[in-house]
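Structural description and commentary
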Amino acid sequence: MTVATLQSLLSTGGVQSAIQRASLKTGVDFSYLLGQAQVESSLRPDAKAPTSSASGLYQFIEQSWLGTVKQHGAEHGLGWAADKISQGASGRYYVSDTATRDYILKLRNNPEVASLMAAEYASDNKAELEASLGRTVGGADLYMAHFLGVGGAKKFLSTLASNPGAAAAHLFPAAAASNRNVFFGEGGQARSVAEIYDRFAAKLQRGAEIAAGGKELPPVAAPGKANPFQLAVLERQQGDQDQPEVATLDQLLASADRPSLLRPTPENAKLAYMLLASMGG
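All values reported here derive from a predicted model rather than from experimental measurement. (Residues numbered from 1 in each chain as written. Predicted model: local features only at pLDDT ≥ 70, side-chain atom pairs only at ≥ 80, totals over all residues. Heavy atoms only, no water.)

1. Details of the overall build of the chain
- The helix and strand inventory of the chain stands at 15 helices and two strands.
- Residue burial in the chain is summarised as follows: out of 281 residues, 48% are buried.
- Of the contacts made within the chain by residues no fewer than 6 positions apart, 62% connect residues no fewer than 24 positions apart.
- Summing over all exposed atoms, the chain offers an accessible surface of approximately 13,300 Å²; the carbon and sulfur share of this is 51%. (Helix = DSSP H or I, 4+ residues; strand = E, 2+ residues; numbered from the N terminus. Buried < 20%, exposed > 50% of the residue type's maximum accessible area, 1.4 Å probe, protein only. Contact = heavy atoms within 4.5 Å. Areas by Shrake-Rupley, 256 points an atom, 1.4 Å probe, with all protein chains shown as cover.)

Set out below in structure tokens:
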């Protein structure tokens, strides 16, 4: 099987299937993961931010990716990668071997792996936010953790509950300086925490509906609950009889004499790296 064939199979309907599998495996709300991927990358596994190290379906920056793989990789067949990632005294993650580091970072462009790591990252944030806030959190809450970090999200969501009209820029001046279009409206008027929250919720909603085929769907469900987005994707997949079933990279490369990509050997690592490099380039 050639690199071109593998790439074609991955790009033909594989993204939503990968997100669906990650949701089912981790219990993280499918509609949130789907909406986030649409907002972050327009469902493009090879998306690359022009001004940062963010890359892939969920626009992981390098440090967030290495940290998530270090913590959760072994649960999903990436134990070899987790073992290669170390954390220095400063808290930064690093991989000693440059080629291995590049390989691990290129996995951000694999929709299967990226979806699993995004789900695990969201799950970690969900647990921490719920413990802090004392309530169940939903998709918009999780996106605030993605946008501001979990510490910033705690502050934002606590303020939302106690003083929804507070100007968000006063609470997060650094974030506001870097994201003026989020924190300020037309004419430079500062948006309140409630306004920003509602805008993010609507953005996620639109993203999930676009990804689900433009159907008008109910609001994003709380994580872990059945929702119509998943049903919509399944409906589309079942109705498209001309599309081949899309396997994961692991399934495509695995056979009795061909070990899994997620546990690479010198023989398949070169092919896999070429594929991932071509997707990321």
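2. Examining the nonpolar core
- Ile 19, Tyr 32, Tyr 58, Trp 65, Met 144, Phe 156 and Phe 183 are the most contacted members of the largest nonpolar core, which has 59 residues in total.
- For this core, the leading source of residues is helix α8 (residues 139-162), giving 11 residues.
- Excluding residues that lie within four positions of it along the chain, Met 144 makes contacts with Gly 149, Ala 153, Phe 156, Leu 157, Tyr 197 and Phe 200. (Core = buried A, V, L, I, M, F, W, Y, C linked by side-chain atoms within 4.5 Å.)

3. A short note on the packing of aromatic side chains
- In this structure the tally under the stated criterion is seven aromatic pairs.
- These aromatic residues form a ring-pair network of at least three members: Tyr 143, Phe 147, Phe 183 and Phe 200.
- Cation over ring: Lys 155 sits above Phe 172, and NZ or CZ is 5.2 Å from the ring centre.
- Cation over ring: Arg 180 sits above Phe 184, and NZ or CZ is 4.2 Å from the ring centre. (Phe/Tyr/Trp six-rings, centres within 6.5 Å; stacked < 30°, edge-to-face > 60°. Lys NZ or Arg CZ within 6 Å of the ring centre and 35° of its normal.)

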